[in-house]
Amino acid sequence: MPNGNTAPGIIATGPIVADLEAVVADAAAGDRLPSVRELMARHRAGPATVQRAIAALAARGLVEARPGRGTFVAARASVPAAAPDHSWQTVALGPRAIDADPLEALLQVPDPDVIVLSTGYLPAELQPVAALGAALARAARRPGVWDRMPAEGLAGMRTHFAAAVGGGATAGDVIVCPGGQAALGTCLRGLAAPGAAVIVEAPTYLGALLAARTQGLRPVPVPADEHGVRPDLLADALHESGARLVYLQPVHANPHGATLALERRADVLAAVRAAGAFLIEDDAFRELSLGAPEPPPPLFHDDPDGHVVHVRSLTKPSAPSLRISAVVARGPAAARLRAARIVEDLFVSGPLQEAALELVAAPAWRAHLRRLRKVLRERRDALAAAVEEQLGPLEDRAAARLAGLPSGGINLWVRLDPGEDDRELARRAAAAGVVVYPGRPFFAAEPPAPFVRLTYAAEPPERLAEGVKRLAAVR
């Protein structure tokens, strides 16, 4: 009898595999092997077991299955092939122009027993999987859904985003994109020429920094605090850099969680208007507002002249693979962005748009958001309490470990003590079974202090507390 550690099928297929290996060793390429029926009788095995054995040999390149004809000995290479030589590519490629390492690190799937305090997506238990799966199954059967789609997106999807953004936005202002990162790339590519400066918060979303640099743009940092970007310093940076493009997250900013204060909004827009610049308003976390105070409306509402280009995504409140987002723009900029989107990938998948539209139009979507916000609020509070308890106050009592409790999003921005190395701490934490992300990559220039970003979406309260306990132990 096989023991409890033996993988299913190994004992059953082993004799059949050995039998066929012996036959192949004595046969010539193209010779026919015993039929499935013959092997079933010889080994008293079922058809599925025999097929698994044949598949195992086919995967090793020993046999070749020809449907309707049988299984044959695969051709063997008569002369060993020389090892491929890819060294010429080093010269042809030149210096690396695209550095995706920081994003790739965030996208890696950790082992199940690792505590994850780094992911920017909802875990499976918080995703509307059943509703999304049913919507996608129905969408896939609709007539014409697999045909070419309008470059700007389905009319219904555009109408949804226009209504969600408000402020007079119409379906004609909306361009549907395959995810928030694609939407940002479209804006950066369409609104600025290579070599130009782009103003960013310090700190800011690292995906925006990487996308800007990939487009050949020069990120110019402007400090942000617990009230959002500093309008006075934004005006100075626009004047000194000559930038015509600004990237901001006015609501629940990643990584620091701040929402732009009401008293700063007019000054920010005034600085942008005075510079004749565009402002990319990345509103990825609005649906993840966790209670009072409610976030203010998009800056898009206060800008009739087309300076604000709004970006909204369905990914954060739903599931990582629901890659549906929108760019909302007015005036000639909309035509420029549409052209940039078409050149990149023509149009967004029809079934995915149809499924997303059905998902957000159903009453269950609002119920999902209510449940999600409740769970995230509990997890945010649990993580913040664990940080205060396990990490304690800063050595510099003039600063706070947490600048404030964010009113939404999924991130806590944790300040470390002077002299602590955020990258080294992240490495030690990973070795202790907890994944955190160092703060340095979120800055376009030198950070003013060491930080780590902790996220609370992926783990229940007890694992969040254990994760911070492990982090504290390796400091």
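Computed from a prediction, not measured in an experiment: that's the story for all the values here.

Bringing empty space enclosed by the protein into the picture now. According to the stated counting rule, one finds 1 cavity of 30 Å³ or more in the structure shown. Quantified by volume, the largest cavity comes out at close to 40 Å³. Every residue along the wall of the largest cavity is listed here: Glu201, Gly228, Val229, Leu248, Gln249, Pro250, Ala253, His256, Ala258 and Leu260. Here the residues of the lining of the largest cavity are counted per class, giving 6 nonpolar, 3 polar and 1 charged.

Let us now look at the pairing of strand β9 (residues 278-282). For a regular strand, side chains alternate in direction, first toward one face of the sheet and then toward the other. With respect to burial, β9 is a largely interior element, 4 of its 5 residues being buried. The pairing of strand β8 (residues 245-248) with β9 spans 4 bridges and is parallel. Its bridge partner being in β9, Val246 is matched across the sheet by Leu279. On the question of chirality, the crossover connecting β8 to the parallel β9 by way of helix α11 (residues 262-274) is right-handed. Here 4 bridges tie β9 to strand β10 (residues 308-313), and the two strands are oriented parallel to one another. Within β10, the position partnered with Glu281 by the bridge is His310.

Whenever strands of a sheet pair, they do so through backbone hydrogen bonds, lying parallel or antiparallel. On the basis of which strands lie adjacent, the open sheet formed by 8 strands has the order β4-β11-β10-β9-β8-β5-β6-β7 and mixed pairing. Across the chains shown, the open sheet's two edge strands, defined by having one partner strand only, are β4 (174-177) and β7 (228-229). Note: strand β5 (residues 197-202) against β8, 2 bridges, orientation parallel. Looking at the pairing, Ile199 lines up with Val246 of β8. Along the sheet, helix α7 (residues 155-165) contacts β4, β10 and β11 (325-328); its crossing angle with β4, the most-contacted strand, is approximately 115°. Where helix α10 (residues 231-241) meets the sheet, its contacts fall on β5, β6 (218-225), β7 and β8, and the angle it forms with β6 comes to roughly 165°.

As a rule of thumb, nonpolar side chains are buried together in soluble globular proteins. Among the nonpolar cores identified, the biggest contains 44 residues, and Met157, Ile199, Leu234, Leu238, Val246, Leu314 and Ile324 are the most heavily contacted of them. Apart from residues lying up to four places away in sequence, Met157 is in contact with Val176, Leu314, Ile324, Gln353, Ala356 and Leu357. Counting residues in each nonpolar core, the second largest holds 34 residues, with Ile115, Ala384, Leu425 and Val434 among its members.

With that settled, the discussion passes to α7. By the burial criterion, the buried members of α7 are Met157, Arg158, Phe161, Ala162 and Val165. Each buried residue of α7 sits inside an arc of 135° when the element is viewed along its axis, so together they form one side. Facing away from the buried side of α7 by over 90 degrees, the exposed positions are Ala155 and Ala163. Contact partners of the buried residues in α7: β4, β10, β11 and α13 (350-361). Note on α7: the residue one or two positions beyond its end, Gly166, has a positive phi of about 70°.

All right, on to helix α9 (residues 206-214) then. In terms of residue burial, α9 counts as a mostly covered element, since 7 of its 9 residues are buried. Every buried residue belonging to α9 is among Leu206, Gly207, Ala208, Leu209, Leu210, Ala211 and Ala212, and all of these are buried. Those residues of α9 that are buried lie in contact with α5 (101-107), α8 (180-191), β5, β6, β8 and β14 (437-438).

Residues with a pLDDT of 70 or more make up 96% of the protein chain, whose mean pLDDT is 89. Within the model, pLDDT remains below 50 along residues 1-11, and this stretch shows 3 contacts once partners closer than five positions in the same chain are excluded.

By the definition in use, this model includes 5 aromatic pairs. On the numbers, 4.8 Å between centres and 10° between planes, the contact of Trp413 with Phe451 is stacked. On the criterion of sequence distance, the pair formed by Trp413 in strand β12 (residues 411-415) and Phe451 in strand β15 (residues 451-455) is long-range, its members being 38 residues apart. Since its relative accessible area comes to 11%, Trp413 is described here as buried.

Moving on to the side chain of Thr186. Locating Thr186 in the fold gives a position in helix α8. By relative accessible area, Thr186 is classed as buried at 1%. If we ignore the near neighbours within four places in the chain, the residues touching Thr186 are Leu337, Ala340 and Arg341.

In this section: unusual backbone geometry. Residue Pro203 follows Ala202 across a cis peptide bond; omega there is 10°. For Pro203, the position within the fold is in the loop between β5 and α9. Each neighbour pair has its own omega, and for Asn254 with Pro255 the value is 15°, a cis peptide bond. A positive phi angle, near 50°, is found at His252, a position not held by glycine. Judged by relative accessible area, which is 1%, His252 ranks as buried. If you check the backbone angles, Leu346 has positive phi at about 70° while not being a glycine.

In terms of strand pairing, strand β1 (residues 63-66) meets strand β2 (residues 70-73) through 4 bridges, oriented antiparallel. Bridging from a neighbouring strand, Val63 pairs with Val73 of β2. Where β1 folds back on β2, the antiparallel hairpin that results is connected by 3 residues, among which Gly68 adopts a positive phi of roughly 85°.

Analysis parameters
- Residues numbered from 1 in each chain as written.
- Predicted model: local features only at pLDDT ≥ 70, side-chain atom pairs only at ≥ 80, totals over all residues.
- Heavy atoms only, no water.
- 1 Å grid on protein atoms, 1.4 Å probe; cavity = no way out; pocket = protein on both sides within 12 Å on 5 of 7 lines; lining within 4 Å.
- Points joined across faces, edges and corners; volume = space filled by probe spheres on them.
- Nonpolar A, V, L, I, M, F, W, Y, C, P; charged D, E, K, R; others polar.
- Buried < 20%, exposed > 50% of the residue type's maximum accessible area, 1.4 Å probe, protein only.
- Helix = DSSP H or I, 4+ residues; strand = E, 2+ residues; numbered from the N terminus.
- Pairing = 2+ DSSP bridges.
- Right-handed = clockwise from strand over helix to strand, strands pointing away.
- Contact = heavy atoms within 4.5 Å.
- Axes fitted to C-alpha atoms, helices over the stretch in contact; angles between N-to-C directions.
- Core = buried A, V, L, I, M, F, W, Y, C linked by side-chain atoms within 4.5 Å.
- Arc of directions from axis to C-beta.
- pLDDT = per-residue confidence, 0-100.
- Phe/Tyr/Trp six-rings, centres within 6.5 Å; stacked < 30°, edge-to-face > 60°.

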